[in-house]
Amino acid sequence: MLPTTHAIISWSISQPLQNRKDRIIITATSIIPDLDGLGVLFSIDFYSKYHHTIGHNLLFITLTSLVLSLFSKERKRVFLLSLISLHAHLLGDLLGSGTGWGIKYFLPFNEYYLEFAPPFHWELDSWQNLVITALLIIYVLRQGVKKERTIMEIFSLRLDQKIVQAIKKRLKCSAYPTMKG
Ligand SMILES: [Zn+2]
């Protein structure tokens with residue numbers, strides 16, 4: 001899946017958390033596994049050898065969740081939601097990243113290679129990814145109305161509040177079109 005889709009999934013998972021910093025931590029987990037692809041900066045060989053390996057296994061996910069929880073307010077919940085979010089990343093990769101992007105979930109203990117087959121496996125630019133992303137955007141808009149926050153809170157509270165106001169204004173206008181005169 002695209003990084004943006006991964007990010008919205010993780011932000012959605014972070015919603016039970018009260019603290020913005022904790023929600024940012026969980027949203028950040030959406031990109032952490034793919035840091036194992038930074039080898040591309042050195043060589044393609046390095047990239048193909050380590051991408052979808054070092055950061056895409058149970059041990060890495062558990063350790064990452066543990067470390068992240070140490071920097072959070074609600075440690076237990078952040079640990080749990082981080083585990084869920086990182087697993088959502090792996091699931092997203094297995095489902096919607098195209099052929100050849102399986103993972104070795106049990107590394108370094110076991111080399112078992114996991115890869116889904118159709119219909120539980122589709123290309124990056126597929127309609128399935130589009131539908132999932134569209135549904136996630138609807139959820140973000142809903143949170144904007146209900147909780148007065150959107151995924152933009154990750155970058156800027158000011159920008160986030162501007163978007164929240166814009167969503168609310170837009171919804172009010174479409175709900176009462178005749179009142180606009
Ligand atoms: Zn990944």
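Residues numbered from 1 in each chain as written. Predicted model: local features only at pLDDT ≥ 70, side-chain atom pairs only at ≥ 80, totals over all residues. Heavy atoms only, no water.

Novice: Please give an account of the layout of surface pockets that cites residues and values.
Specialist: Left-over empty space is what a probe sized like a water molecule reveals as it rolls over the atoms. Each pocket or cavity is described by its volume, and for the largest pocket that value is around 160 Å³. Taken together, Met1, Leu2, Pro3, His6, Asp34, Tyr47, His51, His52, Asp93, Ser97, Trp101 and Leu124 make up the lining of the largest pocket. The class makeup of the residues in the lining of the largest pocket is six nonpolar, four polar and two charged. (1 Å grid on protein atoms, 1.4 Å probe; cavity = no way out; pocket = protein on both sides within 12 Å on 5 of 7 lines; lining within 4 Å. Points joined across faces, edges and corners; volume = space filled by probe spheres on them. Nonpolar A, V, L, I, M, F, W, Y, C, P; charged D, E, K, R; others polar.)

Novice: Could you give an account of helix α1 (residues 3-13), naming the residues involved and the relevant values?
Specialist: Across the eleven residues that make up α1, a large majority, nine, are buried. Taken as a whole, α1 has its buried residues at Thr5, His6, Ala7, Ile8, Ile9, Ser10, Trp11, Ser12 and Ile13. The inward-facing, buried residues of α1 contact α2 (20-28), α5 (75-96) and α6 (127-146). (Buried < 20%, exposed > 50% of the residue type's maximum accessible area, 1.4 Å probe, protein only. Helix = DSSP H or I, 4+ residues; strand = E, 2+ residues; numbered from the N terminus. Contact = heavy atoms within 4.5 Å.)

Novice: Give a detailed account of the side chain of Gln15, specifying residues and quantitative values.
Specialist: Residue placement: Gln15 occurs in the loop between α1 and α2. Here Ser14 takes part through its side chain, which lies 3.3 Å from a polar atom of the side chain of Gln15. A polar side-chain atom of Gln15 sits 2.8 Å from a polar atom in the side chain of Arg149. Those residues within four positions of Gln15 in sequence are excluded, and the remaining contacts are Arg23, Tyr139, Gln143, Arg149 and Glu153. (Polar contact = N/O pair within 3.5 Å; in protein donor to acceptor, adjacent residues only side chain to side chain.)

Novice: Provide a residue-level description of the coordination of the zinc ion, including the pertinent values.
Specialist: Asp34 (OD), His56 (NE2), His89 (NE2) and Asp93 (OD) make up the full set of protein donors to the zinc ion, lying at 2.0 to 2.2 Å. Metal-centred angles of 91 to 164° between the four donor atoms at the zinc ion mark the site as irregular. Counting the intervening residues between successive donors of the zinc ion yields the motif D-x21-H-x32-H-x3-D. In this pair, His56 sits in the loop between α3 (44-50) and α4 (58-70) while His89 sits in helix α5, placing the two residues 33 residues apart along the sequence. (Donors = N, O, S within 2.8 Å, 3.2 Å for Na, K, Ca; no water. Tetrahedral: all angles 85-135°; square planar, octahedral: opposite > 155°, others 65-115°.)

Novice: Now, about a nonpolar patch on the surface: what can you tell me, with residues and values included?
Specialist: Residues Leu35, Leu38, Val40, Leu41, Phe42, Ile44 and Phe46 make up a contiguous nonpolar surface patch of about 770 Å² in total accessible area. Checked against the element boundaries, Leu35 lands in the loop between α2 and α3. Of the residues examined, Leu35 reaches a relative accessible area of 47% and is grouped as partly exposed. (Patch = residues over 30% accessible without salt bridge, like charges linked within 9 Å, V, L, I, M, F, W, Y side chains within 5 Å. Areas by Shrake-Rupley, 256 points an atom, 1.4 Å probe, with all protein chains shown as cover. Salt bridge = Lys/Arg side-chain N within 4 Å of Asp/Glu carboxyl O.)

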